[in-house]
Amino acid sequence: MLDELVEAGRESSNAAVMYHSAMGERLGLGVTEEKTLDLLQRLGPLTAGELSQHTGLAPASVSGLIDRLEAKWLVRRVRDTKDRRRVIVEINWERLAGFGELFEPFVAAMSGLYGRYTDDELALIVDFLRRSTALQREATTSLRTQ
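Residues numbered from 1 in each chain as written. Predicted model: local features only at pLDDT ≥ 70, side-chain atom pairs only at ≥ 80, totals over all residues. Heavy atoms only, no water.

Asker: Looking at this model, I keep getting lost on helix α1 (residues 2–27). Mind explaining?
Answerer: Each α-helix turn comprises 3.6 residues. Residues three or four places apart therefore point the same way. The end-to-end C-alpha separation of α1 is 37 Å, in line with the 38 Å expected for 26 residues at 1.5 Å each. When we look at burial in α1, the residues that qualify are His 20, Met 23, Gly 24 and Leu 27. Its buried side turned inward, α1 meets α2 (31–43) and α6 (99–114). Just downstream of α1, Gly 28 is the residue with a positive phi angle, here 75°. (Helix = DSSP H or I, 4+ residues; strand = E, 2+ residues; numbered from the N terminus. Expected span 1.5 Å × (residues − 1). Buried < 20%, exposed > 50% of the residue type's maximum accessible area, 1.4 Å probe, protein only. Contact = heavy atoms within 4.5 Å.)

Asker: Looking at this model, I keep getting lost on a nonpolar patch on the surface. Mind explaining?
Answerer: Among the surface-exposed residues, Leu 2, Leu 5, Leu 113, Tyr 114, Tyr 117, Ile 125, Phe 128 and Leu 129 lie close enough to one another that they form a single nonpolar patch of about 770 Å² accessible area. The set of elements that each furnish at least two residues to the nonpolar patch consists of α1, α6 and α7 (119–145). It is α7 that contributes the most residues to the nonpolar patch, three residues altogether. Position of Leu 5 relative to the elements: it lies in helix α1. Under the relative-accessibility criterion, Leu 5 is labelled partly exposed at 47%. (Patch = residues over 30% accessible without salt bridge, like charges linked within 9 Å, V, L, I, M, F, W, Y side chains within 5 Å. Areas by Shrake-Rupley, 256 points an atom, 1.4 Å probe, with all protein chains shown as cover. Salt bridge = Lys/Arg side-chain N within 4 Å of Asp/Glu carboxyl O.)

Asker: Whenever I open this one, the packing of aromatic side chains confuses me. Can you help?
Answerer: Note on aromatic pairs: each is described by the distance of the centres and the angle between the planes. Scanning the entire structure with this criterion turns up two aromatic pairs. Judged by centre distance (4.8 Å) and plane angle (35°), the rings of Tyr 19 and Phe 106 are tilted. Here Phe 106 lies in helix α6 and Tyr 19 lies in helix α1, a separation of 87 residues in the sequence. Feature note: the residues Tyr 19, Phe 103 and Phe 106 constitute an aromatic cluster, connected by ring pairs. (Phe/Tyr/Trp six-rings, centres within 6.5 Å; stacked < 30°, edge-to-face > 60°.)

Asker: Sorry if this is basic, but what is going on with the pairing of strand β3 (residues 87–91) here?
Answerer: Strand direction decides the pairing type here: strand β1 (residues 46–47) and β3, joined by two bridges, are antiparallel. Looking at β3, one finds that Thr 47 is bridged to Ile 88. Where strand β2 (residues 75–79) and β3 come together, five bridges link them in antiparallel fashion. Residue pairing for β3: Val 78 is matched across the bridge by Ile 88. (Pairing = 2+ DSSP bridges.)

This is the structure:
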C-alpha cells in the first residue's frame with residue numbers, strides 16, 4: 001500500500017505541474033508567475049519578503065518575478081499607507097478579469113469529487129494535504145539553501 005501511495009503522490013504531483021503549465025501557457029505566464037498570483041488572490045497583498053517566505057524563492061528571484069508580473073500589468077507595487085518604507089504587491093484585478101473562468105471546469109469537477117467523501121474522510125484528506133505540503137515546503141527551502 002505504501003508503494004501505491006508513493007506512486008499516486010507522484011502521479012498527482014505530475015498532473016498538478018502539467019495542469020498549471022498548461023494554464024500558464026493559456027494565460028501567458030510561467031508556472032511560478034501563475035502560482036504567485038494564486039498566493040496573492042488567496043492571501044491578499046503581500047510584501048516581497050512575504051512572497052519570498054510563501055514561495056521559498058530567494059529575494060532576488062522574487063524581485064524579478066514581481067517585475068515580470070508588473071510588466072504584464074497583473075500586479076502593482078504600492079506604498080503601505082501605515083509605513084511608507086514598506087512596498088506591498090497587490091493584484092491588478094481589472095487585468096485578471098476572466099482568468100477565473102478557465103479554472104471553473106476543474107473546480108466543478110473537484111467539487112463533485114469532494115461530494116463522494118464523508119466529513120471524517122475529508123478531514124483526514126485535509127490533514128494529509130497540510131502535513132505533506134509542510135514537508136514539501138521544508139524540502140524546497142532545503143534545496144534552495146544548499
